[in-house]
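Tertiary structure, described
Take a look at the letters that make up each chain.
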Amino acid sequence: MTVAVVRFPGTLDHDSAARAVRAAGGDAAPAWHQDTELPAGTHAVLIPGGFSYGDHLRPGAIASRSPIMGAVRRHAEAGGLVLGICNGFQVLCESGLLPGALRTNASLSFVCRQVRLDVTDAGTPFTAGLEGPLSIPVKNHDGAWYGDPSTARVVLRYHGENPLGAVDAVAGVANAAGNVMGLMPHPEEAVDPLLGSVDGLGLISALVRA
Amino acid sequence: MSEQPLHRQLGLTDAENDRIPELIGRPPTDPELVMFSLMWSEHCSYKHSKPLLRRFPTTGPHVVQGPGENAGAVDVGDGWAVALKVESHNHPSAVEPFEGAATGVGGIVRDILALGAKPIALLDSLRFGTLDSARSRHLFTRAVEGIGHYGNCIGIPTVGGEVLFDDRYEDSCLVNAMCVGMVRTDGILKAAARTPGNHLVLIGNRTGKDGIGGASVLASAELSEDDADKRPSVQVSDPFTERKLMDCCLELAAAGAFAALQDLGAAGLTSAASEMAAKGGVGLLIELDRIPLREEGMAPAEILVSESQERMLAEVTAERLDEVLAVCERWELLATVIGTVTDTGNFTAVHRGATVVDIPASALTDDAPVYGVPIDPAPAAEPLDLDAIPAPADLSAAWLELLARPTLASKRWVYERYDHLVGANTIRRPGGDAAVVRLPGMDRAIAITTDCAERHCEVEPLGGGMATVLEAARNLACTGARPLAATDCLNFGNPEKGATGWRLERVIEGMSQALEALGVPVVSGNVSLYNESPGRVIYPTPVVGMIGLLEDPAASVGHAFQEAGDTVVLIGSGTPRLDASEWLGRAEGLPPTPDVAAEVALVEFLIAAAGKGLLRSAHDCSGGGIAVALAESAMAGGVGCEVNLPAGRRADEDLFGEGGGRVVATCHPADLPALRALAGDVPLAAIGTVGGSTVDARVGERDASVAIVRARDAHEGAIPAALA
């Protein structure tokens, strides 16, 4: 199964995302921000983390208007899976594909820390069969989700702490259909026992199963 | 100031000014004089330190790039080399800590990039005044934010470093940044321009008025009270462009599209281009009108010495030019042909049809003046009179107090502001003896550390130089890594005053002796002098960055206690002393001179024991002595221990004393005989057992104890509390 890994100028995690896709048994195909179509044979899309366009204007704001996002939107509307991680989550919120927005962390500073996540909705293709708490690192400056948790489909919450100051300790949300999901923590950095945790593999595997 | 002749305003001595016409056969033009003033500054020419630096061992069978290029590199097998360098950005950070520290990171990254190497890790070695000073709190917090801002955005993990707080850095803070990268041994790029006729391509940001004269104004003179006037000398950071520059240059380097590559750092285009020409034995013709400017009306001298960031200069053949320009365009980076390589040997610059600079490139580089420094010894230090130091009545309370000293306290507040994981190769995270980073694409890892024994260097620089190198090697060996190469940043005061020159010479001698004993070459480095104000000189601060190789990344050892029931062992020799220790809190006394041979044997033993899987944890006893080492291992593992420590002169010295190469390790009880057998002549004593929720130490007839939960509160809470 081929997972398109989207790359904007300033994207940082495309290599580790592609490595995680391969660890889950899939193939990763690069998708460049100026492309207007996803790579041939794309089954699922992964928008990895980083500082696309240097976070200029607002994190994710410029990337959400780049040519490749038209193709991502069509893929999502056709029911294809799209996962946004960190800056990818910010891009999906800025695109309107996911509800809410990501605000500056309550500490007003960058936070890099191993966190634990509760799975609050196991009904999406991403979270089916997942059991928390998952040990996964979070690392961002603007990762406090803001939105209405009574209408948004909240799939992941921080367990035991709310490190970024998100509304309701929300760590990840999905669209109503469940085929588009975003989260601030980095599951692609928790797929190798050498680095301390493999709890991120489940979320990445969902893309490969698509 | 305005009454002074131009050369003095620029920082040139009268003798240096007289030398220029002798070299070029006529009086210099104004732009030429400005270029000489920058290139002959201490920061660019090392004119006061060069003769002393020759003492360092710099060769070895695995050295593929020694000192003299933008960074050094060593072979790590399978056709790969690891590049490393540490550099200071002290003076800019004292004036504007956020941009000063941020651009320090940017500069060291480009030094690694100039070799064609992919940066894979950053470390930062920081020194500030104590946190009861509002100025020091400001410098510390803003420098950390600047480092995070830049490092996080360019996607290189900041995996380690150190922070020390002491009055002696109140006026002159230190911000040293180290970068490590990976490059194919057959793909290492050089700075030397090769072939007349080739194009010079400037890639990256526009050239502006920021950083004009940074090397001479800031980096080569003492700071005074009117530092605000110097703010225009500090550069402005743009990490997004740096990331694109990195992605673009690595793509082009891998394709073999560059004939040579140079980073624009101190003294900007002047330094980059003159070194390119002088090293290649060729000349360069630069058309200043082609250089994209940020503002109109810049004078030729300003264009030539601007330190605008995120710029690289490449030599490109005619055949590869279109490819280079196309790849830069895809990365949305400016790339401009600004001149050509010539056969004249001259640095020539034309501006609006007129030749404004035409001088031998080597006059700027090779003909820079070299000065000896006065070697006036400081009075010999005396060992501490222990009777004059009050002994703490309550050892347990003293232990907790020590854990909460900002210098020894947890640096979580710092490293959680840095992305230490990006790239998904960080095996051992900050907080331990050394970071361990997997080499991407290889089944190997490297351990990386920065260290310095600055108080020891102050009271006895020869031993302090040794101790600095030995601590770095011990930190690497605690993870199981074999020390491979070093880079150094020598931060000192004004070498023309007092005993500073002598201390510089002695520190280099001590470092060199230890490096030779370890078989570790220095492959790159940097010198930062004049770190003093009218009232204060910094400690001699020779920051050493060292890397070590781990053949099996999965076999690395951490500092955390693993399991109740494990045996605690004290390995190594040396008598703990309070002289110049963190417990004493000042540079007084005379620590014993390190036993270099014994320490090398300890390093070898640790590597062998880790390789055989005999160690479950290992932690160096450094600042705060064995008490702090035990508490840190317990906090990291979430399990305590009960130990019986060898009794010396006094219990507080036994617990908190420093010096000597000593390591607290743990092993499975069944492995103890094998560990003893492997130790041979290296002293090894079983001192207790892992378990419980407290760290209990018996020293002679006295007991001391800290609960892990209270130790953690003290250790983790200290820096946030000091900043609140």
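Every chain's residues receive numbers from 1 upward, in the order its sequence appears when written. Naming scheme: in the order in which they are written, chains are lettered from A and ligands are numbered from 1. Confidence filtering applies because this is a predicted model: local features only for residues at pLDDT of at least 70, side-chain atom pairs given and counted only at 80 or more, and all residues used for totals across whole chains, interfaces and linings. Only hydrogens and water are set aside; all other atoms, that is, all heavy atoms of the structure, feed into the side-chain values.

The subject of this paragraph is the overall build of chain A. Only runs of H or I of at least four residues qualify as helices and only runs of E of at least two qualify as strands under DSSP, and these elements are numbered from the N terminus. What chain A contains, in helices and strands, is four helices and eleven strands. Note on method: radius of gyration uses C-alpha positions; expected globular size equals 2.2 Å times residues raised to 0.38. Here chain A has a C-alpha radius of gyration of 15 Å; the compact-globule value for 210 residues is 17 Å, and the two agree. Two residues qualify as a contact provided that any one of their heavy atoms is within 4.5 Å of a heavy atom in the partner residue. Look at the contacts in chain A between residues 6 or more apart in sequence, and 73% of them connect residues 24 or more apart. Counting only carbon and sulfur atoms, one obtains 51% of the accessible surface of chain A, whose full area is about 7200 Å². A gap of 3 Å separates the mean positions of the 14 positive and 19 negative side-chain charges of chain A. Accessible surface is estimated by sampling points in the Shrake-Rupley manner with a 1.4 Å probe; for residues, cover comes only from the protein chains shown. Charged-residue counts in this description rest on Lys and Arg as positive and Asp and Glu as negative, His and the chain ends being excluded. A charge is said to be at NZ when it belongs to Lys, at CZ for Arg, at CG for Asp and at CD for Glu.

All names here are of chain B. The cut-offs for exposure are 20% and 50% of the maximum accessible area for each residue type, with area from a 1.4 Å probe on protein chains only; residues under the lower value are buried, those over the upper are exposed, and the others partly exposed. Taken across its eight residues, strand β5 (residues 158-165) has six buried, putting it largely inside the fold. Here, strands pair whenever DSSP counts at least two bridges between them. Bridge count between strand β4 (residues 118-128) and β5: seven bridges; the pairing is parallel. Bridging from a neighbouring strand, Leu122 pairs with Thr158 of β5. Since β4 and β5 lie parallel, the crossover through helix α8 (residues 134-154) that links them has a hand, and here it is right-handed. If you view a crossover with the strands going away from you and the path from the first strand over the helix to the second runs clockwise, you call it right-handed.

Residue and element names in this part refer to chain B. One open sheet holds the six strands; their spatial order is β14-β15-β16-β19-β17-β18, and the pairing between them is mixed. One side of each edge strand has no neighbouring strand; the edge strands of this open sheet are β14 (426-428) and β18 (522-528). When the angles between neighbouring strand axes are averaged without regard to direction, this sheet yields 25°. Every axis corresponds to a line fitted to the C-alpha atoms, with the helix fit spanning only the stretch in contact, and the corresponding angles, defined between N-to-C directions, vary from 0 to 180 degrees. Of the strands in this sheet, β17 (482-491), β18 and β19 (541-550) are in contact with helix α19 (residues 500-518), which crosses β17 at around 175°.

Residues and elements named next belong to chain A. Pairing is mixed across the open sheet formed by nine strands, whose spatial order is β2-β1-β3-β4-β11-β10-β9-β6-β7. The open sheet is flanked by β2 (27-32) and β7 (134-140), the only strands paired with a single partner. On average, each strand axis in the sheet is tilted by 30° relative to the strand beside it, whichever way the strands run. Judged from the four bridges that link them, strand β3 (residues 42-47) and strand β4 (residues 81-85) form a sheet pairing that is parallel. Bridge pairing in β4 places Ala44 opposite Leu81.

Attention shifts here to the pairing of β7 of chain A. Looking along a regular strand, one sees the side chains alternate between the two faces of the sheet. Residue and element names in this part refer to chain A. Of all seven residues in β7, six are buried, a share of seventy percent or more. The pairing of strand β6 (residues 111-119) with β7 spans seven bridges and is antiparallel. Considered in β7, the bridge of Leu117 is made with Leu134.

Here we take up the side chain of Glu42 of chain B. Residue and element names in this part refer to chain B. Looking at the element boundaries, Glu42 is found in helix α4 (residues 42-45). For salt bridges, the criterion is a side-chain nitrogen of Lys or Arg within 4 Å of an Asp or Glu carboxyl oxygen. At 6.0 Å, Lys47 is the nearest oppositely charged side chain to Glu42, a buried residue that forms no salt bridge. Among the polar contacts made by the side chain of Glu42, one reaches the side chain of Ser49 at a distance of 3.4 Å. Definition of a polar contact: a pair of N or O atoms within 3.5 Å, with one able to donate and the other able to accept a hydrogen when the atoms are protein atoms, and with sequence-neighbouring residues admitted only if both atoms are side-chain atoms.

Another point: helix α2 (residues 14-24) of chain B. Each turn of an α-helix holds 3.6 residues, which means side chains three or four residues apart point in the same direction. Residue and element names in this part refer to chain B. Within α2 the residues assigned to the buried category are Glu16, Asn17, Ile20 and Ile24. For α2, the arc enclosing every buried residue in end-on projection is 100°, short of the 170-degree limit, so these residues lie on one face. Away from its buried face by more than 90 degrees, α2 exposes Ala15 and Glu22. Contacts from the buried residues of α2 go to α1 (6-9), α3 (30-39) and β13 (354-360). Phi turns positive one or two residues past the end of α2, at Gly25, with a value near 80°. It is the directions from the helix axis to the C-beta atoms that the arc portrays.

Right, let's talk about the domain arrangement of chain B for a bit. Residues and elements named next belong to chain B. Just so you know, the domain bounds were taken from an automatic or database domain assignment. Taken domain by domain, chain B consists of domain 1 (29-38 + 66-364) and domain 2 (557-724). Placing the centre of domain 1 and that of domain 2 at their C-alpha centroids yields a distance of 42 Å. At the interface, six residues of domain 1 touch four residues of domain 2. What gets called buried area is simply the loss in accessible area from a 1.4 Å probe that two parts show on being joined, summed for both. For the domain 1 and domain 2 pair, buried surface summed over both sides reaches about 390 Å², with 77% attributable to carbon and sulfur atoms.

In this section: unusual backbone geometry. That bond from Gly132 of chain A to Pro133 of chain A is cis: its omega, -5°, falls within 30 degrees of zero. Assignment of secondary structure puts Pro133 of chain A in the loop between β6 and β7. One non-glycine residue, Tyr530 of chain B, lies in the positive phi region at around 65°. Within the element layout of this structure, Tyr530 of chain B appears in the loop between β18 and β19. One non-glycine residue, Ala580 of chain B, lies in the positive phi region at around 55°. Along the polypeptide, Ala580 of chain B turns up in the loop between β20 (567-572) and α20 (596-611). For Ala580 of chain B, a relative accessible area of 9% translates into the label buried.

Take the interface of chain B and chain A next. Listed as interface residues are 28 residues of chain B and, on the opposing side, 29 residues of chain A. With both sides pooled, the region where chain B packs onto chain A buries about 2400 Å², and carbon together with sulfur makes up 56% of that total. In this structure, Lys139 of chain A and Asp419 of chain B form a salt bridge, with 3.1 Å as the shortest nitrogen-oxygen distance. For the side of chain B that touches chain A, the secondary structure elements donating two or more residues are α8, α10 (239-254) and β14 of chain B. A per-element tally of the side of chain B that touches chain A places α10 of chain B first, with four residues. Any residue that is not Ala, Val, Leu, Ile, Met, Phe, Trp, Tyr, Cys, Pro, Asp, Glu, Lys or Arg is counted as polar, Gly included; the first ten are nonpolar and the last four charged. Residue composition of the side of chain B that touches chain A, by class: eleven nonpolar, six polar and eleven charged.

To continue, consider the packing of aromatic side chains. All names here are of chain B. Aromatic contacts are taken between Phe, Tyr and Trp rings whose centres are within 6.5 Å, Trp giving its six-membered ring; a plane angle under 30 degrees counts as stacked, one over 60 as edge-to-face, and the others as tilted. With the rule as written, the count across this model stands at ten aromatic pairs over all chains. Geometrically, the ring pair formed by Phe36 and Trp40 is edge-to-face, given 5.0 Å between the ring centres and 75° between the ring planes. Using a relative accessible area of 0% as the deciding quantity, one classes Phe36 as buried. For Trp40, a relative accessible area of 1% puts it in the buried group. An aromatic cluster is defined as three or more aromatic residues linked by ring pairs; in this entry it consists of Phe128, Phe140, Phe165 and Trp413. The side chain of Arg184 reaches across the aromatic face of Trp80, ending 4.7 Å from its centre. The ring of Trp413 carries Arg417 above its face, with NZ or CZ at 3.8 Å from the centroid. Sitting over a ring, as applied to charges here, requires NZ of Lys or CZ of Arg to be within 6 Å of the ring centre and within 35 degrees of the ring normal.

Bringing the packing of helix α7 (residues 97-113) of chain B against α10 of chain B into the picture now. Residues and elements named next belong to chain B. Where α7 contacts α10, the two axes come as close as 11 Å, and the packing angle between them is 5°. Viewed along their axes, α7 and α10 adopt a mutual orientation that is roughly parallel. Contacts between α7 and α10 involve Gly106, Val109, Arg110 and Leu113 from the first element and Glu242, Leu245, Met246, Cys249 and Leu250 from the second. In terms of residue class, the contact of α7 with α10 is built from six nonpolar, one polar and two charged. The scheme is simple: roughly parallel for angles under 35 degrees, roughly antiparallel for over 145, roughly perpendicular for 65 to 115, oblique for anything else.

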